[in-house]
Amino acid sequence: MKATATTRPARRIPAARLERMRAKAAAAAEAREAAFQAHQDALAQLVSPTPEFEKVARLTMLPGGLHWSAERPVPAVDTRVEVVQGGKQDLVKVLGYCHAGGFIGLVTEPYHPGSKRAHKMHPRAKCVFSHQLIKKAA
């Protein structure tokens, strides 16, 4: 005599736990992607190092052994920072990164990119280094 297969109802994962599991998996996937991208950038630096004052999108695309002398961390791309350029204080947007003389620099765009001053700027003048950042009063 054949026994009928009995099944039990599926166990459901609570919605809050499922959301935490998905967030953890997404964070892990993002970390794996960042590690892979950093590895690819390091391999590319071995083949052809980035020239000085050349704009790059990520810090990992720069050669190793560079210094950032400011106390605060390197600003992320698309953030606004205050700098002193040519004796004038200016608010600029970070577009990418560059390097020169063993130091990390920020490739910036003036807050008012259509102004006469912005048009007259030499392309290297758009590179800002950590000593040009304005320190925030604590």
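Residues numbered from 1 in each chain as written. Predicted model: local features only at pLDDT ≥ 70, side-chain atom pairs only at ≥ 80, totals over all residues. Heavy atoms only, no water.

Time to look at the pattern of salt bridges. Summed over all chains, the structure comprises 2 salt bridges. For the salt bridge of Lys93 with Asp78, the shortest nitrogen-to-oxygen distance reads 3.9 Å. Highlighted residues: Lys93 in strand 2 (residues 88–100) and Asp78 in the loop between helix 1 (15–47) and strand 1 (80–85), separated in sequence by 15 residues. Classification of Lys93 as partly exposed rests on a relative accessible area of 26%. On the basis of relative accessible area, Asp78 is assigned to the exposed category, the value being 54%. (Salt bridge = Lys/Arg side-chain N within 4 Å of Asp/Glu carboxyl O. Helix = DSSP H or I, 4+ residues; strand = E, 2+ residues; numbered from the N terminus. Buried < 20%, exposed > 50% of the residue type's maximum accessible area, 1.4 Å probe, protein only.)

Tracing the backbone through its elements, the reader meets Phe103 in strand 3 (residues 103–110). The class of Phe103 is partly exposed, set by a relative accessible area of 38%. Sequence separation of Phe103 and Leu66 is 37 residues, and the distance between their C-alpha atoms is 5.1 Å. Here Phe103 is in contact with Leu66, His67, Cys98 and Phe129, once residues within four sequence places are set aside. (Contact = heavy atoms within 4.5 Å.)

The next subject is a nonpolar patch on the surface. Together, Leu43, Leu46 and Val47 make up a nonpolar patch on the protein surface, roughly 340 Å² of accessible area in all. On the accessibility criterion, Val47 (72% relative accessible area) is exposed. (Patch = residues over 30% accessible without salt bridge, like charges linked within 9 Å, V, L, I, M, F, W, Y side chains within 5 Å. Areas by Shrake-Rupley, 256 points an atom, 1.4 Å probe, with all protein chains shown as cover.)

Within the largest apolar cluster, 12 residues are counted, these being Val56, Leu62, Trp68, Val81, Val83, Val92, Val94, Tyr97, Ile104, Leu106, Val128 and Leu133. When contributions to this core are tallied by element, the ones reaching two or more residues are strand 1, strand 2 and strand 3. Per-element accounting of this core gives the leading share, 3 residues, to strand 2. In this structure Val81 touches Pro75, Asp90, Leu91, Val92, Val94 and Leu133, once residues within four positions along its chain are discounted. Membership of the second largest hydrophobic core comes to 5 residues, among which are Cys98, Ala100, Val107 and Phe129. (Core = buried A, V, L, I, M, F, W, Y, C linked by side-chain atoms within 4.5 Å.)

Further remarks concern the sheet that holds strand 3. Spatially, 1-2-3-4 is the arrangement adopted by the 4 strands of the open sheet, whose pairing is antiparallel. The open sheet has two edge strands with one neighbour each: strand 1 and strand 4 (127–129). Shown here is a sheet whose adjacent strand axes are inclined to one another by a mean of 60°, direction ignored. Across 8 bridges, the pairing between strand 2 and strand 3 is antiparallel. In the strand pairing of strand 3, Tyr97 is matched with Leu106. (Pairing = 2+ DSSP bridges. Axes fitted to C-alpha atoms, helices over the stretch in contact; angles between N-to-C directions.)

It is worth spelling out the confidence of the model for the protein chain at this point. In this model, the protein chain carries a mean pLDDT of 84, and residues with pLDDT of at least 70 account for 86%. At the low end of the mean pLDDT range in the protein chain sits helix 2 (residues 116–120), at 65; at the high end sits helix 1, at 93. (pLDDT = per-residue confidence, 0-100.)

Time to look at the pairing of strand 2. Summarising the sheet, strand 1 and strand 2 pair through 6 bridges and their orientation is antiparallel. Its bridge partner being in strand 2, Val83 is matched across the sheet by Asp90. Linking two consecutive strands that pair antiparallel, namely strand 1 and strand 2, is a turn of 2 residues; a positive phi of about 60° is found at Gly86 within it. Remark: 2 residues form the turn of the hairpin made by strand 2 and strand 3, two consecutive strands paired antiparallel; Gly101 in that turn has positive phi of roughly 60°.

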